[in-house]
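# Residue-level structure breakdown
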Amino acid sequence: MSGGRSYGKRSPRYSRTLKSVFKTAALAVIGSGSLNSLRNYYDSLVSRGMAPWDARNKVARKIAELALSIMASGKLYQAGRFEKCKAVSGN
């Protein structure tokens, strides 16, 4: 409201449930004791000076990107392939 006038309710343009799923998956990957490609990705982002919360968001986005590509192609996830793509794209 502004000046007694209501401009309507703003609705989010994303699924809160999916956002929660991907952010929780990122926390699980980062918090796991074992080293994996996504954990290495997080560590490299933090070592380059990125804030930990921004790095967690970037890992969550990467998980969403991987999930979409796996669903679209129908192929299984291969960690080595992710490492090659990361090196080529520079992310």
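Residues numbered from 1 in each chain as written. Predicted model: local features only at pLDDT ≥ 70, side-chain atom pairs only at ≥ 80, totals over all residues. Heavy atoms only, no water.

### Concerning the confidence of the model for the chain
The following threshold applies: Here pLDDT means the predictor's own confidence in every residue, given as a number from 0 to 100. What counts as a helix is a DSSP run of H or I of at least four residues, what counts as a strand is a run of E of at least two, and both are numbered from the N terminus.
For the chain, the average pLDDT comes to 84, and 87% of its residues sit at 70 or higher. Per-element mean pLDDT across the chain ranges from 59 in helix α4 (residues 79-89) up to 94 in helix α1 (residues 16-31).

### Quick notes on the pattern of salt bridges
Rules: Whenever Lys or Arg places a side-chain nitrogen within 4 Å of a carboxyl oxygen from Asp or Glu, that contact is recorded as a salt bridge. Burial classes follow relative accessibility: with a 1.4 Å probe on protein chains only, a residue under 20% of its type's maximum area counts as buried, one over 50% as exposed, and anything between as partly exposed.
Here the structure, examined in full by the defined rule, presents two salt bridges. One salt bridge connects Glu-65 with Lys-62, and the closest N-O pair in it is separated by 3.5 Å. With Glu-65 and Lys-62 both in helix α3 (residues 52-73) and three residues apart, this pair spans about one turn of that helix. Residue classification places Lys-62 among the buried positions, given a relative accessible area of 9%.

### Notes on a positive patch on the surface
Here is the rule we go by: Only residues whose relative accessible area exceeds 30% and that take part in no salt bridge are eligible for patches, with like-charged residues grouped when within 9 Å of each other and nonpolar side chains (Val, Leu, Ile, Met, Phe, Trp, Tyr) grouped when within 5 Å. The accessible surface values rely on the Shrake-Rupley method and a 1.4 Å probe; as for residues, cover is taken only from the protein chains in view. In this charge count, Lys and Arg are treated as positive and Asp and Glu as negative; neither His nor the chain ends contribute. Charge positions are represented by NZ for Lys, CZ for Arg, CG for Asp and CD for Glu.
Positive charge collects at one region of the surface, where Lys-9, Arg-16, Lys-19, Lys-23, Arg-56 and Arg-61 lie side by side. The set of elements that each furnish at least two residues to the positive patch consists of α1 and α3. With three residues, the top contributor of residues to the positive patch is α1. Mapped onto the elements of the fold, Arg-16 is located in helix α1.

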